[in-house]
Amino acid sequence: MSPSKVGRKPGSKGKPDFSSSKGSISQQTEPKQQLRFSLWNFWVASTALKVLLMPDYVSTDFDVHRNWMAITNKLPLKEWYLESTSQWTLDYPPFFAYFEWFLSQVVPASVRADGCLDIVEVGQYGWPTILFQRSTVIISEILLFVVLQIFINTSDVSERSVNFVVASSIALSPAFFIIDHIHFQYNGFLFAILIGSIIAAKKQRYLLCGALFATSLCFKHIFLYLAPAYFVFLLRAYVLDINALKYKSYRDWVFVPQWRNLFKLGGVVLLIFTICFAPFITVMPQLIARLFPFSRGLTHAYWAPNFWAIYSFVDKVLAAVMLRMPYVHNCVSKLFRPLLVPATREEIKHKMATVNNGTRGLVQDVYFLILPQIQPKLTFLLTLFYQLLAVIPVFINPSFKRFIGSLTLCGFSAFLFGWHVHEKAIMLVIIPFFFLVSFDRRFLTPFYLLTASGYVSLFPLLYKSNDFLIKVLYTLIWCIIYFSAFRKLVRVSSSVQRRIFFFDRLAALYCLLLLPMVLGIQSLEVLKGRYSPIRKYEFLGLMFYSIYCSIGVIGSWIGLSWLYNFDEPLWV
Ligand SMILES: *[C@@H]1O[C@H](CO)[C@@H](O)[C@H](O)[C@H]1NC(C)=O
């Protein structure tokens, strides 16, 4: 095993033209280089912008977190997961609840008087609360910058400049900007823990990797979607000793697990979970019900750009076509009846009238008019199936690259096929993907597709029109700067030449067309105020967002899966 480790550690062997020139310079002027590779300036500049945006609109997620702070502050620990005065009940794991408790301890008296810590149905608060909560996001996000700086500091000299670009692009990512600092969540420091575990995996510090991932799980259980990749990677790289098989007979299979490592890893993970969940042991059923609310619908109010968005769209189109064109219905119902299609057009009409088929609202069941209904079990099985496909290569050869590839693909499967996926969950895919792009130029096309469509799919989160310019400009500038930076820095790593020119062109066209789409939908939005007939089609804009973005996300998934499964030299 050791030769392969040594072989991949330099990581830059395949791009000599780049590393040799840059590497020699940085060795001569090491201190200056270090200074150049600091995220400090990025932090200062982006924080200034974030402070300026503090007075922006206040979303429901803001009140969600305020309510959690109030619950953890006012109630004994046992009641945290039982409280339900407000509809925004606590539904993150206990570490996050502890974090909210900690925040509530440092609330100044003036903010307390403002109603920040009141358990009420709908929060009544003013400027002091907003100032306080927004500052907590900015301060907790410092962890992200620290972790990324560690990533830069610990990378080899030859790959430092490209890793610096990766780190800064994560730190300035429009996703954190839109979700955390305008919409309101704490993804910055939550993803910092996850990135920490990725760096630990890169440095082959497996115990730390497992511990950090377990910690991140206890903060935000959505990371569970990435667990298969971690599980198989740690199992294969740390716990199992396949080499033992070569020298011993089959009877010695019992020596294949490295028992010491197994107990160390298992002990650490168990310890973390115990600290997290033990205090809540008596309310465990309620806690589980809060964390995994399967009573919610298949899709969120606004369809996340995934497979189910397309499925819902096809269903709507089919229903419309069959209602307008009787002969289509006749023809199709002859073919499929009674399995798939309602027997008469009256039935479709009736279903349509009874079903709440809007695209806005809190939580609602999605009901398909024509296509078969989807059960949670099916989404679970689909997700698991694609995740299994993604982790098998890691089991065969647990290299860091392969691990990141499978991590990204696990995120993809969960996002595309999961139950009640939020558009914000696209971060689960984007963040691991960042650690892949520096390896080879061929990753850039799926990466561009994913980031462009993923970020644009977040736009409807900020529905106020005064946010329009800021979200579009910020994302556009980020894309222009970092897309061209990656193009310059990342080289083809193996001798195999690029093959799929057509896919590249198509992806570029797709990304370019995002801008007119966003502008077009926004102008419809503006016109809506003037011409009331347009209002009837209000949902169309949102639907168009999800459909167009799902095409990008699915395209990216196919592109990456292709490279992952059919381009062996990329991954060793
Ligand atoms: C990174 O390296 C620089 C220069 O050696 C040092 O000043 C800084 O503290 C390091 N940062 C972290 C987070 O390790």
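Here, the structure is the one placed above.
Small disclaimer: the values here were computed from a predicted structure and weren't measured. (Residues numbered from 1 in each chain as written. Predicted model: local features only at pLDDT ≥ 70, side-chain atom pairs only at ≥ 80, totals over all residues. Heavy atoms only, no water.)

Visitor: A description of helix α10 (residues 160-171) should follow, citing residues and the corresponding values.
Guide: Between its first and last C-alpha, α10 extends 16 Å over 12 residues, near the 16 Å set by a 1.5 Å rise per residue. Where burial is concerned, most of α10 is hidden: 12 out of the 12 residues are buried. Within the span of α10, buried status applies to Arg160, Ser161, Val162, Asn163, Phe164, Val165, Val166, Ala167, Ser168, Ser169, Ile170 and Ala171. (Helix = DSSP H or I, 4+ residues; strand = E, 2+ residues; numbered from the N terminus. Expected span 1.5 Å × (residues − 1). Buried < 20%, exposed > 50% of the residue type's maximum accessible area, 1.4 Å probe, protein only.)

Visitor: Mind laying out the packing of α10 against helix α23 (residues 427-437), listing which residues take part and the relevant values?
Guide: The N-to-C vectors of α10 and α23 enclose an angle of 165°; their axes lie 9 Å apart at closest approach. By the angle between their directions, the pair α10 and α23 is classed as roughly antiparallel. Where α10 crosses over α23, the handedness of that crossing is right-handed. Across from Val166, Ser169 and Ile170 in α10, the residues of α23 making contact are Ile431, Phe434, Phe435 and Val437. (Axes fitted to C-alpha atoms, helices over the stretch in contact; angles between N-to-C directions. Parallel < 35°, antiparallel > 145°, perpendicular 65-115°, else oblique. Left-handed = near helix turned anticlockwise from the far one by under 90°. Contact = heavy atoms within 4.5 Å.)

Visitor: Break down the packing of aromatic side chains for me, citing the residues and quoting the values.
Guide: What the rule picks out here adds up to 55 aromatic pairs. Ring centres 5.2 Å apart and planes at 45° place the aromatic pair phenylalanine 307 and phenylalanine 417 in the tilted group. Residue phenylalanine 307 is located in helix α18 (residues 307-324), and its partner phenylalanine 417 is located in helix α22 (residues 400-417); the two are separated by 110 residues in the primary sequence. (Phe/Tyr/Trp six-rings, centres within 6.5 Å; stacked < 30°, edge-to-face > 60°.)

Visitor: Tell me what's going on with the side chain of aspartate 467, and back it up with residues and numbers.
Guide: Tracing the chain through its elements places aspartate 467 in the loop between α24 (444-457) and α25 (468-489). It is lysine 471 that comes nearest to the buried, bridge-free aspartate 467 among opposite-charge side chains, at 6.8 Å. Once you skip the residues sitting within four places of it in the chain, aspartate 467 turns out to touch Asp56, Tyr57, Ile182 and Leu462. (Lys, Arg positive; Asp, Glu negative; His and termini not counted. Salt bridge = Lys/Arg side-chain N within 4 Å of Asp/Glu carboxyl O.)

Visitor: Account for helix α5 (residues 60-74), naming residues and giving values.
Guide: Look at α5: 21 Å from first C-alpha to last across 15 residues, which is about the 21 Å you get at 1.5 Å a residue. Counting buried residues along α5, 13 of its 15 residues qualify, which places the element largely inside the surrounding structure.

Visitor: How would you explain the environment of proline 108 if you had to name every residue and give the values?
Guide: Mapped onto the elements of the fold, proline 108 is located in the loop between α6 (94-105) and α7 (109-113). Residue classification places proline 108 among the partly exposed residues on the basis of a relative accessible area of 36%. Proline 108 sits 21 residues away from threonine 129 along the chain, and the two C-alpha atoms are 9.7 Å apart.

Visitor: With reference to specific residues and values, describe a nonpolar patch on the surface.
Guide: The grouping of Leu469, Leu473, Leu476, Ile477, Ile480, Ile481, Leu515 and Leu519 at the surface amounts to a nonpolar patch, some 710 Å² of accessible area in total. For the nonpolar patch, the elements supplying multiple residues, two or more each, are α25 and α26 (501-528). By residue number, the principal contributor to the nonpolar patch is α25, which donates 6 residues. Looking at the secondary structure, you find leucine 469 in helix α25. You can call leucine 469 exposed: its relative accessible area is 57%. (Patch = residues over 30% accessible without salt bridge, like charges linked within 9 Å, V, L, I, M, F, W, Y side chains within 5 Å. Areas by Shrake-Rupley, 256 points an atom, 1.4 Å probe, with all protein chains shown as cover.)

Visitor: How would you sum up the pattern of salt bridges? Please name residues and give values.
Guide: On inspection of all chains with the given rule, the structure shows 7 salt bridges. For aspartate 440, the salt bridge is made with arginine 442, and the minimal N-O distance between the two is 3.2 Å. The class for arginine 442 is buried, based on a relative accessible area of 8%. Residue aspartate 567 is joined to arginine 442 by a salt bridge in which the shortest nitrogen-to-oxygen separation is 3.1 Å. You can see aspartate 567 sitting in the segment after α27 (538-566) and its partner arginine 442 sitting in the loop between α23 and α24, a full 125 residues away along the chain. Like aspartate 567, the residue arginine 442 is buried in the burial classification. Shared partners join several salt bridges into a network, and the residues in it are Asp440, Arg442 and Asp567.

Visitor: Describe the packing of helix α14 (residues 227-239) against helix α16 (residues 259-277), with residues and values.
Guide: Here α14 crosses α16 at 140°, and the two axes come no closer than 9 Å. Contact residues: α14 offers Leu234, Tyr238 and Val239, while α16 offers Asn261, Leu262, Lys264 and Leu265. Looking at the contact of α14 with α16, its residues break down into 5 nonpolar, 1 polar and 1 charged. (Nonpolar A, V, L, I, M, F, W, Y, C, P; charged D, E, K, R; others polar.)

Visitor: Kindly report on the side chain of aspartate 114, identifying the contributing residues and their values.
Guide: On the secondary structure map, aspartate 114 appears in the loop between α7 and α8 (127-140). For aspartate 114, which is buried and forms no salt bridge, the nearest opposite charge comes from arginine 66, at a distance of 8.6 Å. Not counting residues up to four positions away in its chain, the partners in contact with aspartate 114 are Gln124, Tyr125, Gly126, Trp127, Pro128 and Thr129.

Visitor: Give a description of the nonpolar core that names residues and reports values.
Guide: In terms of nonpolar packing, the biggest core is built from 158 residues, with Phe412, Phe434, Phe443 and Phe486 touching the most fellow members. Residue assignment places this core across two domains, with domain 1 (52-291) and domain 3 (376-570) each supplying three or more. (Core = buried A, V, L, I, M, F, W, Y, C linked by side-chain atoms within 4.5 Å. Domains from an automatic or database assignment.)

Visitor: Go over the environment of glycine 454, please, and point to the residues and values.
Guide: With respect to the helices and strands, glycine 454 occurs in helix α24. Classification of glycine 454 as buried rests on a relative accessible area of 0%. As for glycine 454 and alanine 175, which are separated by 279 residues in sequence, their C-alpha atoms are 8.5 Å apart. Sequence-distant contacts of glycine 454, that is, excluding residues within four places in its chain, are made with Ile426 and Leu449.

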